[in-house]
Amino acid sequence: MTQALIIIDVQNDFCPGGTLAVTGGHDIVGPINAMIPDFEAVILTQDWHPADHSSFASIHADKKPYDLVQMPYGPQVLWPDHCVQGTKGAEFHADLRTDGDLILRKGFRKAIDSYSAFFENDKATPTGLEGYLRTREITRLTMVGLATDFCVHYSAVDAARLGFEVTVATKACRAIDLDGSLAAAEKAMSEAGITLT
């Protein structure tokens, strides 16, 4: 086994009607489902925040969503409350196939966010995904999901840095595009040697 499909955060809160909806987020569910049979392993990630997560603007006095603040690990965008553990918003989109090999929850530590499927935002605390993939001798990854310019981007760059061969299937991704973040993410992924299809 050498290749895996990594499905990033296709959850209700990131789809239309959600608290952090990505435009067209639901449109990628069909294409992702169609890709699943082509892969030997399928891994899904799930944003899984406590209700008082430090990345939520609601817990910071005089701050609003999309403000940028400094955390001990560096700059952090403050988000609307989203993907709170055990809520409907944290559930996968109802039409997404979730019969994969592994569901990896991230962002569950109150004091630190986790865009990447591989590391918390401190870029040091691992999620365990690298070890799982290496144990299964998986070397090639295709990433899809939400959002291209945040969780997909950080996951792809970390995977490439760790030595995996990475493709991002952009037809099965959608972006937030916060102040030009999509163009910056695409540039960073290209510079990291990631194939964008």
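These lines cover the structure that appears in this document, whether it is placed above or below. This is a predicted model, so every value here is computed, not measured.

1. Digging into the layout of surface pockets
- Its boundaries defined by the atoms lining it, the largest pocket holds a volume of some 270 Å³.
- Contributing elements (two or more residues each) for the lining of the largest pocket: strand 4 (74–77), helix 3 (148–161) and helix 4 (181–191).
- Looking at the lining of the largest pocket residue by residue, the classes come out as nine nonpolar, five polar and two charged.

2. Focus on the nonpolar core
- Counting residues in hydrophobic clusters, the biggest one holds 56 residues, and the most contacted among them are Ile7, Phe118, Leu141 and Met143.
- Among the elements of the structure, strand 1 (3–8), helix 1 (29–35), strand 2 (41–47), helix 2 (129–135), strand 6 (140–146), helix 3, strand 7 (165–174) and helix 4 are those that each provide at least two residues to this core.
- The element that contributes the greatest number of residues to this core is helix 3, accounting for six residues.
- Counting six residues, the second largest nonpolar core, distinct from the first, contains Ala57, Val69, Met71 and Tyr73.

3. Some thoughts on empty space enclosed by the protein
- According to the stated counting rule, one finds one cavity of 30 Å³ or more in the structure shown.
- A volume near 130 Å³ is recorded for the largest cavity.
- Surrounding the largest cavity, 15 residues form its lining, Phe14, Leu20, Asp47, Phe150 and Cys151 being those nearest its centre.

4. Let's talk about unusual backbone geometry
- Omega for the peptide link from leucine 146 to alanine 147 comes to -10 degrees, which places this bond in the cis form.
- Residue position: alanine 147 is located in the loop between strand 6 and helix 3.
- Phi at aspartate 9 is positive, roughly 50 degrees, even though this residue is not glycine.
- The exposure class of aspartate 9 is buried, given its relative accessible area of 0%.
- One non-glycine residue, aspartate 177, lies in positive phi territory at about 55 degrees.
- Structurally, the position occupied by aspartate 177 is in the loop between strand 7 and helix 4.

5. Structural notes on the pairing of strand 6
- The buried fraction of strand 6 amounts to six of the seven residues, a majority that puts the element mostly inside the structure.
- Here six bridges tie strand 1 to strand 6, and the two strands are oriented parallel to one another. Looking at strand 6, one finds that isoleucine 8 is bridged to glycine 145.
- In the sheet, strand 6 pairs with strand 7 via six bridges, with the strands oriented parallel. Bridge pairing in strand 7 places threonine 142 opposite threonine 167.
- Crossover handedness for the path strand 6 to helix 3 to strand 7: right-handed.

6. Some thoughts on the pattern of salt bridges
- With the rule as written, the count across this model stands at 11 salt bridges.
- Put simply, aspartate 158 and arginine 161 hold a salt bridge, and the shortest N to O gap is 3.3 Å. With aspartate 158 and arginine 161 both in helix 3 and three residues apart, this pair spans about one turn of that helix.
- Taking relative accessible area as the criterion, arginine 161 reaches 52% and is therefore assigned exposed.
- Residue lysine 187 pairs with glutamate 191 through a salt bridge whose shortest N-O separation is 2.8 Å. Here the residue lysine 187 and the residue glutamate 191 both occupy positions in helix 4, the gap between them amounting to four residues, near one helical turn. Take lysine 187 and glutamate 191: they sit in the same class, and that class is exposed.

Reading the values: rules and limits
- Residues numbered from 1 in each chain as written.
- Predicted model: local features only at pLDDT ≥ 70, side-chain atom pairs only at ≥ 80, totals over all residues.
- Heavy atoms only, no water.
- 1 Å grid on protein atoms, 1.4 Å probe; cavity = no way out; pocket = protein on both sides within 12 Å on 5 of 7 lines; lining within 4 Å.
- Points joined across faces, edges and corners; volume = space filled by probe spheres on them.
- Helix = DSSP H or I, 4+ residues; strand = E, 2+ residues; numbered from the N terminus.
- Nonpolar A, V, L, I, M, F, W, Y, C, P; charged D, E, K, R; others polar.
- Core = buried A, V, L, I, M, F, W, Y, C linked by side-chain atoms within 4.5 Å.
- Buried < 20%, exposed > 50% of the residue type's maximum accessible area, 1.4 Å probe, protein only.
- Pairing = 2+ DSSP bridges.
- Right-handed = clockwise from strand over helix to strand, strands pointing away.
- Salt bridge = Lys/Arg side-chain N within 4 Å of Asp/Glu carboxyl O.

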